[in-house]
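In case you want the letters, here they are:
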Amino acid sequence: MKFVKLMLAEAGLKEWRLIGAVAGAGAAMAVMMTLVNSVADLQKDMAIDWSLFLLFALCAVAIVSLQVYALNLTAELGERMLGRTRIRVADLVRASELDGLEGVGLVRIYDTIARETTVISEASGMIIYSMTSLVALILVTAYIATLSLTVFAVIGILLLAWAYFYHFSQRNSRNALIDASAAQARFFELFGHLLYGFK
């Protein structure tokens with residue numbers, strides 16, 4: 001959620017374009033799902049309903065075009081944000097003392113900057129897809145509530161259980177990622193000794 005807030009703050013005047021593209025793609029996805037649901041109830045020998053087919057095609061075009069727009073905008077915003085972060089890190093390194101940098105290790109600094117900026121760049125696409133799916137899920141859940149409140153309640157319970165287990169697993173995986181990051185930094189430090197010679 002922090003990354004979404006950070007991206008929206010970075011968007012500035014384009015914030016509503018980004019929100020609109022994600023919401024529009026999610027709404028088109030929800031309409032597409034309801035169309036599939038309504039067509040599934042039709043008899044096999046019925047003729048093709050061209051208006052439903054046209055609406056389905058328009059939804060598909062809307063999903064693809066709005067997601068591409070949102071992904072391009074997010075990539076632009078992410079690279080702008082990362083550019084400023086790289087400059088800030090370079091300024092901090094320039095202001096730091098050489099002994100402190102040697103204590104941390106050049107390999108560890110390079111590895112951390114490269115890894116973290118790559119994670120941020122890759123995360124933007126996944127977040128756009130996730131937010132689009134979230135909008136579609138909310139709208140489809142509202143559609144299901146109009147069809148059956150019992151099914152809506154069951155889906156709500158399943159979603160709450162999923163959210164609980166996801167939160168629980170994230171808490172455990174965060175510690176594992178920190179340990180893995182420390183092990184990787186230690187490996188690169190030792191590997192740097194092999195490459196540059198022991199001091």
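Quick note: structure is the one above.
Residues numbered from 1 in each chain as written. Predicted model: local features only at pLDDT ≥ 70, side-chain atom pairs only at ≥ 80, totals over all residues. Heavy atoms only, no water.

Focus: the pattern of salt bridges
Next up, step 1: Under the definition given, this model contains two salt bridges.
Next up, step 2: With a shortest N-O distance of 3.2 Å, Lys 14 and Glu 76 are connected by a salt bridge. With a gap of 62 residues between them, Lys 14 in the loop between α1 (2–11) and α2 (15–40) and Glu 76 in helix α3 (residues 50–95) connect regions that are remote in the sequence.
Next up, step 3: For Arg 80, the salt bridge is made with Glu 76, and the minimal N-O distance between the two is 3.4 Å. Pair noted here: Arg 80 and Glu 76 are both in helix α3, with a separation of four residues, about one helical turn.
Next up, step 4: Given the relative accessible area of 36%, Arg 80 is considered partly exposed.
Next up, step 5: Taking relative accessible area as the criterion, Glu 76 reaches 38% and is therefore assigned partly exposed.
Next up, step 6: Connected via shared salt-bridge partners are Lys 14, Glu 76 and Arg 80. (Salt bridge = Lys/Arg side-chain N within 4 Å of Asp/Glu carboxyl O. Helix = DSSP H or I, 4+ residues; strand = E, 2+ residues; numbered from the N terminus. Buried < 20%, exposed > 50% of the residue type's maximum accessible area, 1.4 Å probe, protein only.)

Side note on α1
A turn of α-helix holds 3.6 residues, and therefore any two residues three or four places apart point the same way.
Next up, step 1: Among all positions of α1, only Phe 3, Val 4, Met 7, Glu 10 and Ala 11 are buried. Down the axis of α1, the buried set is contained in an arc of 125 degrees. They therefore lie on one face. Across from the buried face of α1, at angles greater than 90 degrees, the exposed residues are Lys 2, Lys 5 and Ala 9.
Next up, step 2: The positive-phi residue at the C-terminal boundary of α1 is Gly 12, with phi of around 60 degrees. (Arc of directions from axis to C-beta.)

Things to note about the environment of Tyr 129
Next up, step 1: Checked against the element boundaries, Tyr 129 lands in helix α5 (residues 106–147).
Next up, step 2: Note: C-alpha distance between Tyr 129 and Gln 67 (62 residues apart in sequence) is 7.6 Å.
Next up, step 3: Leaving out residues up to four positions away in the same chain, Tyr 129 has contacts with Gln 67 and Leu 71. (Contact = heavy atoms within 4.5 Å.)

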